[in-house]
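Coordinate inspection notes
Each chain is listed here by its residues.
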Amino acid sequence: MSNPHASMLQPGRIGTMELKNRIIMAPMGENYGGTDGICGERAQDYYEERAKGGTGLIIMGTAAISWPTGTSEPHQLGISNDSFIPGLAEVTRRVHSHGGKVAIQINHSGKVAANDRTHGREMWVSSIPPDGPVAEAMRTVTPKEFSTFVGIGPYPDRYRVMDKADIAQMVEWFAAAALRAKQANFDAVEVHCAHNYMIANFLSPFFNSRSDEYGGSYENRSRLLREVLTAVRERVGADFPIWVRIDAEEMHTPGGITMDEALKTARLCEELGVDAINVSAYARLPTGSAFTDAPIPQKQNAYREFASGIKKAVGIPIISAGRWELDAAAAAISNGEIDFVAMGRKLLADPDLANKLQANTALSVRPCIYCYACVSEIFINKGIKCAVNAQTGHEASRTITFAEKPRHVLIVGGGPSGMEAARVAALRGHRVTLVERSDRLGGTLFFAALAYPENGRLLDYLVKQMDHPNIQVRFNTSVDAKLLDELKPDEILVGTGARRAAPAIEGAQQSHVWSGDELRRLMTGDRAEEIAKAKLNLAERALFKAGGMLKVTDSTTAIQNLSKLWMPLGKRVVIIGAGLVGLELAEFLLDRGREVTVLDPGTHPGTELAIVRRWRVYDAVKSHGKLLMQSTVTRIERKEVVWTDKKGEEYRTPADSVVLAIGAEADSAVADQLQSLTRTPVRRIGDCQDLGYIEGAMHSGHQAGREV
């Protein structure tokens, strides 16, 4: 069978460095450096795991050349003196032991040195930066999050406009850091010249307003870049690969870096002897969602045109990041648009991605769902994590080992926690029986995949994992004493989800008022006939059947498409509840042409969402619908929802349909009932243990599978 990703698996070359494939781990600040910037075992384990998974090149990022100053993260790794070398050298040893190569990204954060701001230190800049916009989405950050938010502190901003002595010091810091990287046995160095960090701050015509030889013309603004690259090359020698990461564009930045200047920079770097160009992009933040344009894009293959354009301008290899999808990346390499694909979030979700592509089993790659849980941790002073991979950042302590005594495990509930527990338990050699009361797997994840299509990839992955010789799945099955007697399990795991109690709102029992569970059941076919009979009139039931919803319940994509033609909700929809469910549902309905108003009595919307994902959904709902916080619903009438604001003033919002997206709570009823029937240990996982949504389900299921 031909491998559609074969081009990504071919050997490659950057300067004198030979790589076994074209897959690169993109540089990401993991915030695992502790309080001393030393690369300890947690970071070493994390990088080794990606090398063990077959990644051709690991780019560690980002190491501070003047640690602790010039750092953007509180626990950023350092490379500013020789004491950092042993920890970094252990990473190179481990990566090399798996046949991989490893580079390190060296950087000074300059204007973006949020950790300097937190501690009241001077931030070194090309010039005093223009006043920046304050994204309205910042209002969604809770007081608890603000208490640890990076860059927030009691001190006013202190900028140091660099003089020539400072610039000379900066050049020396870069050169010395590059030499230490070579001494630590790294295979290459990446000089960070993007994302408004130090060198990009000088390159940008928007941020650099100097009037001396380091400002004004492109020749002057690129002077620091030339001096740094020249000094780095002199320090490490001609045979040691070095390359740069550059911005193809500064988005949402009038007068910022454009593609025309990026092409100049790429050609200049080639003239200066760099061995490759790593193409990225940057965005100012007039809105919170701008962060998902760059540098961590939501759009698939976001920087493909940038990378292919720069590829045409230079003769050295092009590394391209920006949410590449695997098929597109393979095509881009085959077509000569890029030479190497850099992936960050995908390798957090599945460190074994390269090995799985090599085995031609791409469907077994655990997908990133682009929830931004990883990077959002950095904002609140924590190390990165992954919502779908519980082992990220815990590679040594959360290993999956074969069980000393294989057992029979009964798992009740085929949602994400149950499937993840089954997957892990089966890998450990246990025999698993998974029972599901409906005729499909997924639970609330199926509905979540309708609201946010990326979740559908996780559902598809988990369902595929159930095709394992140690796992038996039984559909349309409820657990009772008879089944327990038949199966005789050694342990029982219950992942039956949360309970959503109807709120005490006058009028909530009317037919045009939907609970989240009712909508989920109707749209996913979970006992949908009885919901349709109870909630829809004859004409609506006819449309429902004509739409074919009940016939395509195994396909989230089909339901998404059909839902654009028909849904059981009217034109004007009021959603009560601005949590994760309410906001993602609002985004979904707005995309289907509904007029949406979200009402919530609280002060901060979307707190269950990771900060960056929250920003994006908040902007979408605010831009195209209405989001009204501190709004308490008093009653629901046939065509209106009546509510009061924080001052007690009453308002009426027209509504053809109302969705109740509040009242979720952990539900132990099934687990308690089962425990009353047997002496076999019963353990709750997922939302029936504690509300944690997809991340909580995946992590608790993983833990249960490891510990059973």
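Keep in mind that this is a model prediction, so the values were computed, not measured. (Residues numbered from 1 in each chain as written. Predicted model: local features only at pLDDT ≥ 70, side-chain atom pairs only at ≥ 80, totals over all residues. Heavy atoms only, no water.)

**Observations concerning the overall build of the protein**
- If you tally the helices and strands in the protein, you get 26 helices and 27 strands.
- In terms of overall size, the protein behaves like a compact globule, its C-alpha atoms giving a radius of gyration of 27 Å where 708 residues would be expected to give roughly 27 Å.
- Judged by the C-alpha coordinates and their principal axes, the protein covers about 75 × 65 × 45 Å.
- The proportion of buried residues among the 708 residues of the protein is 61%.
- Partitioning the contacts of the protein with sequence separation of at least 6, the portion at a separation of at least 24 is 72%.
- Split by element, the accessible area of the protein, about 27,100 Å² in all, is 49% carbon and sulfur.
- Of the side chains in the protein, 83 bear a positive and 85 a negative charge, and the two mean positions are spaced by 3 Å. (Helix = DSSP H or I, 4+ residues; strand = E, 2+ residues; numbered from the N terminus. Rg over C-alpha atoms; globule rule 2.2 N^0.38 Å. Buried < 20%, exposed > 50% of the residue type's maximum accessible area, 1.4 Å probe, protein only. Contact = heavy atoms within 4.5 Å. Areas by Shrake-Rupley, 256 points an atom, 1.4 Å probe, with all protein chains shown as cover. Lys, Arg positive; Asp, Glu negative; His and termini not counted. Charge placed at Lys NZ, Arg CZ, Asp CG, Glu CD.)

**Observations concerning the pattern of salt bridges**
- This model, assessed by the stated rule, comprises 46 salt bridges.
- We note a salt bridge from Arg 13 to Glu 18, for which the minimum N-O separation is 2.1 Å.
- Arg 13 gets classed as partly exposed once you look at its relative accessible area, which sits at 45%.
- Glu 18 gets classed as partly exposed once you look at its relative accessible area, which sits at 41%.
- Across the pair Asp 166 and Arg 160 runs a salt bridge, and its minimum N-O distance is 3.0 Å. (Salt bridge = Lys/Arg side-chain N within 4 Å of Asp/Glu carboxyl O.)

**Side note on the UniProt feature "domain: NADH:flavin oxidoreductase/NADH oxidase N-terminal" (unreviewed entry) in the protein**
- Under the UniProt annotation, the feature "domain: NADH:flavin oxidoreductase/NADH oxidase N-terminal" (unreviewed entry) is placed at residues 9-361.
- Spanning residues 9-361, this segment combines 34% helix with 17% strand, and its end C-alpha atoms are found 13 Å apart. (UniProt positions renumbered as here; feature names shortened; annotations may be inferred.)

**Let's talk about the sheet that holds strand E20 (residues 595-599)**
- Spatial strand order, E18-E25-E19-E20-E21: five strands in an open sheet with parallel pairing. At either end of the open sheet lies a strand with only one pairing partner, and these are strand E18 (513-515) and strand E21 (626-628). Taking the axes of each pair of neighbouring strands and ignoring which way they run, one obtains an average angle of 20° across the sheet.
- Both strand E19 (residues 572-576) and E20 contribute to a ladder of five bridges, which runs parallel. Among the inter-strand pairings, Arg 572 is bridged to a residue of E20, identified as Glu 595.
- Helix H23 (residues 580-590) contacts E19, E20, E21 and strand E25 (657-660) of the sheet and is inclined by roughly 170° relative to E19. (Pairing = 2+ DSSP bridges. Axes fitted to C-alpha atoms, helices over the stretch in contact; angles between N-to-C directions.)

**Observations concerning the sheet that holds strand E3 (residues 23-25)**
- Taken together, the eight strands give a closed barrel; going around it, the order is E3-E4-E5-E8-E9-E10-E11-E12, and neighbouring strands pair in parallel fashion. Looking at each pair of strands side by side, their axes are set apart by 30° on average, direction ignored.
- Relative to strand E10 (residues 277-283), strand E9 (residues 242-251) runs parallel, the two being bridged by six bridges. Paired with Glu 250 across the two strands is Tyr 282, which belongs to E10.
- Its contacts with the sheet put helix H2 (residues 85-97) on strand E4 (57-64) and strand E5 (101-107), and the angle it makes with E5 is roughly 150°.

**Re the packing of aromatic side chains**
- Tallied over the entire structure, the rule returns twelve aromatic pairs.
- Between Tyr 32 and Tyr 46, the aromatic rings sit 5.2 Å apart at their centres with planes inclined by 90°, giving edge-to-face as the arrangement. In this pair, Tyr 32 sits in the loop between E3 and helix H1 (41-52) while Tyr 46 sits in helix H1, placing the two residues 14 residues apart along the sequence. Taken individually, Tyr 32 and Tyr 46 each receive the classification buried, so the pair is uniform in this respect.
- In this structure an aromatic cluster arises from ring pairing among Phe 146, Phe 149, Phe 291, Phe 379 and Trp 615.
- Above the face of the Phe 446 ring, Arg 440 is positioned so that its terminal group lies 4.5 Å from the ring centre.
- The residue whose ring lies beneath Arg 613 is Tyr 452, and the NZ or CZ to ring-centre distance is 3.7 Å. (Phe/Tyr/Trp six-rings, centres within 6.5 Å; stacked < 30°, edge-to-face > 60°. Lys NZ or Arg CZ within 6 Å of the ring centre and 35° of its normal.)

**Focus: the packing of helix H15 (residues 416-427) against helix H26 (residues 693-707)**
- At a closest axis distance of 7 Å, the pairing of H15 and H26 adopts a crossing angle of 30°. Between H15 and H26, the angle falls in the class roughly parallel. Regarding H15 and H26, the two cross each other, and that crossing is right-handed. Here H15 contributes Pro 416, Ser 417, Glu 420, Ala 421, Arg 423, Val 424 and Ala 425 to the contact with H26, which in turn contributes Ala 697, Met 698, Ser 700, Gly 701, His 702, Gly 705 and Arg 706.
- Grouping the amino acids of the contact of H15 with H26 by side-chain chemistry returns six nonpolar, five polar and three charged. (Parallel < 35°, antiparallel > 145°, perpendicular 65-115°, else oblique. Left-handed = near helix turned anticlockwise from the far one by under 90°. Nonpolar A, V, L, I, M, F, W, Y, C, P; charged D, E, K, R; others polar.)

**Describing H1**
- With twelve residues, H1 extends 16 Å between its outermost C-alpha atoms, agreeing within 8% with the 16 Å of an ideal straight helix rising 1.5 Å per residue.
- Within the sequence span of H1, burial applies to Ala 43, Gln 44, Asp 45, Tyr 46, Tyr 47, Glu 48, Arg 50 and Ala 51.
- Of the surrounding secondary structure, the elements contacted by the buried residues of H1 are E3, E4, H2 and helix H12 (345-349).
- Just beyond H1, the residue with positive phi is Gly 54, at close to 100°. (Expected span 1.5 Å × (residues − 1).)

**Points about the packing of helix H5 (residues 164-183) against helix H8 (residues 223-236)**
- Interhelical geometry of H5 versus H8 gives an angle of 35° and a closest axis separation of 8 Å. The handedness of the crossing between H5 and H8 is right-handed. Each of Ile 167, Val 171, Glu 172, Phe 174, Ala 175, Ala 176, Ala 178, Leu 179 and Lys 182 in H5 lies in contact with H8, whose residues at this interface are Leu 224, Glu 227, Val 228, Ala 231, Val 232, Arg 235 and Val 236.
- Of the residues belonging to the contact of H5 with H8, the class tally is twelve nonpolar, no polar and four charged.

**Regarding the state of the cysteines**
- As enumerated under the stated definition, the model contains zero disulfides in all.
- Just so you know, Cys 386 is unpaired, no disulfide at all, and the nearest cysteine sulfur is the one on Cys 368, 6.5 Å from it. (Disulfide = S-S within 2.5 Å.)

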